[in-house]
Every structure is written in C-alpha cells, then in structure tokens.
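Residue strings, one per chain:
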Amino acid sequence: MTYFGFLLRFIVAANAALWVARTALRRAGREGWLVRVVRRSPSRMTGYFAILSVVILLYTTPWDGALIRLGVWAYARQRVWGLTLDGVPWEEILFYLLQSALVAQCFDLATAFRSRTARARRQTRTRQLAYLPVIALWMGLGFVMLGSVYVLLNRWTHLTYLAMLVPWILLPLAVQTSYGFDGIAAQAGPVAISTVAPALYLSICDGVAIHSGIWFFHPERITDIRLGDVPIEEILFFSGSSLIVATSLAVIASRRSERWLRDRRAGR
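Here the structure is a predicted model, which is why all the values come from computation and not from measurement. (Residues numbered from 1 in each chain as written. Predicted model: local features only at pLDDT ≥ 70, side-chain atom pairs only at ≥ 80, totals over all residues. Heavy atoms only, no water.)

### Re empty space enclosed by the protein
- Per the counting criterion, the structure on display carries 3 cavities of 30 Å³ or more.
- In this structure, the largest cavity spans a volume of roughly 170 Å³.
- What lines the largest cavity is a set of 15 residues, among which Asp-64, Trp-73, Glu-92, Glu-234 and Phe-237 lie closest to the centre.
- Listing elements by their share of the lining of the largest cavity, those giving two or more residues are α3 (42–69), α4 (90–111), β4 (215–217) and α9 (232–252).
- A breakdown of the residues in the lining of the largest cavity according to their chemical character gives 11 nonpolar, no polar and 4 charged. (1 Å grid on protein atoms, 1.4 Å probe; cavity = no way out; pocket = protein on both sides within 12 Å on 5 of 7 lines; lining within 4 Å. Points joined across faces, edges and corners; volume = space filled by probe spheres on them. Helix = DSSP H or I, 4+ residues; strand = E, 2+ residues; numbered from the N terminus. Nonpolar A, V, L, I, M, F, W, Y, C, P; charged D, E, K, R; others polar.)

### Points about the pattern of salt bridges
- Per the stated rule, a full pass over the model turns up 4 salt bridges.
- For Arg-22, the salt bridge goes to Asp-108, with nearest N and O atoms at 2.7 Å. In this pair, Arg-22 is assigned in helix α1 (residues 3–27) and Asp-108 in helix α4, connecting sequence segments 86 residues apart. Asp-108 carries the same exposure label as Arg-22, and that label is buried.
- Of the charged contacts, one joins Asp-224 and Arg-226 as a salt bridge, the two residues approaching to 2.8 Å between their closest N and O atoms.
- Residue classification places Asp-224 among the partly exposed residues on the basis of a relative accessible area of 38%. (Salt bridge = Lys/Arg side-chain N within 4 Å of Asp/Glu carboxyl O. Buried < 20%, exposed > 50% of the residue type's maximum accessible area, 1.4 Å probe, protein only.)

Printed below as a string of structure tokens:
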C-alpha cells in the first residue's frame, strides 16, 4: 500500500463518512457551528479557514522536516510520489490538511447538539478566571523549552521525539488561550470530542501504516514505549495536534471573535 493509497482508504474515507453524517443531521434540522458561520459569511469564513490551513502547514512542515533530519522517523521512498517540501513528502502534508478537516468535522458534529444560549452563559462565567490557565500554560511552556534544550544538548537520544513534540504542542495552545480562553472553555465538550475521537482513530491508522511499512521510527530516537506498533509519542502527537486544531476552532467560535467578525462586516 502506498502512502497516498493509505490516505484514500483511511483518512479521505473517514472525512467522507463524517460529511455524510453532517449532511443527514442538517436535513434533520440540526446544524453545527461550522455550517452556521459559513452560511452567514461564506467568503470571509472560507478565507479564514484557508489562512488557518496555511498556518498549520507553515508551523508543522519545518518541524516535521526537522524530525526527519534528526532521524526520529523516515518513510519508505518507494511508497511515496517522491515530491518533498523541506524533506517532507507531499503525502504527509496532505495528511496534515486531512487531519485538520477530520477534527473540524468532529467539532461541527459535536456543536450540532449544543445550545447556543448555554455556551454564551459559560463564556461569561469563565472569562474572569482565564488568567489562571494562561499563566500556567506559559510557565509550563518555559519549563518544557528549557528541558527540551537540555535533553537535546546532552544527547539523550531516546527522548528526542518528546523533546521536539511537547513544546510544539504547548506553544500554539498558550497563544490561543491567551486570546480566547473563554471560547475554549465554553466549547469544552466539542473540543474534547474533536480531540479524542480523531486521536484514537488516527492512532489506529498509524499502526496500520507502520505495520505496512509506509513509515517507521528509529528505536534509539523514541522511548520505544508502544501500544501495538504505535509509539506513545505518536499517540501524544495525534492528541496534541487534534487539540491545537480544535482549540483554534473554539477561539474562532468565541464571542470575542464573533464581535470582531461583526465589526468587519459593518466596516468598523
């Protein structure tokens, strides 16, 4: 099985199944947040999601390329097209976008069953406590960055993946909570669902890809703690990357962002 064939069978197919489920719900009178905002301002929201996709690519591709150069993981060259960006195969870049779409659709499905008035009340309650998790995240990021530098400088090679992964996850989470913690807290349920469900599914898919020889990990660069064929770092990666996308959507859905969007439409 090629990398592209893997994407079609497991990631594209999952996105298609979620699209069918969302369409059925919409016909039954239940609309998620994503459907509502796109209908309300299609061109502007399409532009925002395009920018979000570009940010994901610009943030993830150099980091992924660094993992390849450090020898954390590699791919079977006969299983890919051969086109790369910063050493990262194009199929991997497609994976980022398809994973983001998977998370977005899970988020939309989860919000279809939530009351908008309850969400608004929760945002009001959590706004005054927002500084606590924000400070905690930035402090945690600082400590983790120092720890990661120490690990890499001392060549504790079995922690290489973790040292590269944890700061990569924490940085966007710290930025997002600084701006829109009230929105994230108000959408805690959808954020949790659209983090856990894709992470579980993609971890299973990861095991299939590893077993098929599409990509592999160097044992000396990881802790080599595995669930089946899947390194524990990969489960953390899918959880963290899904959480980043889910919290991005929650920030866009926050009342602060909605006010900003209304002001832009009004020309203010």
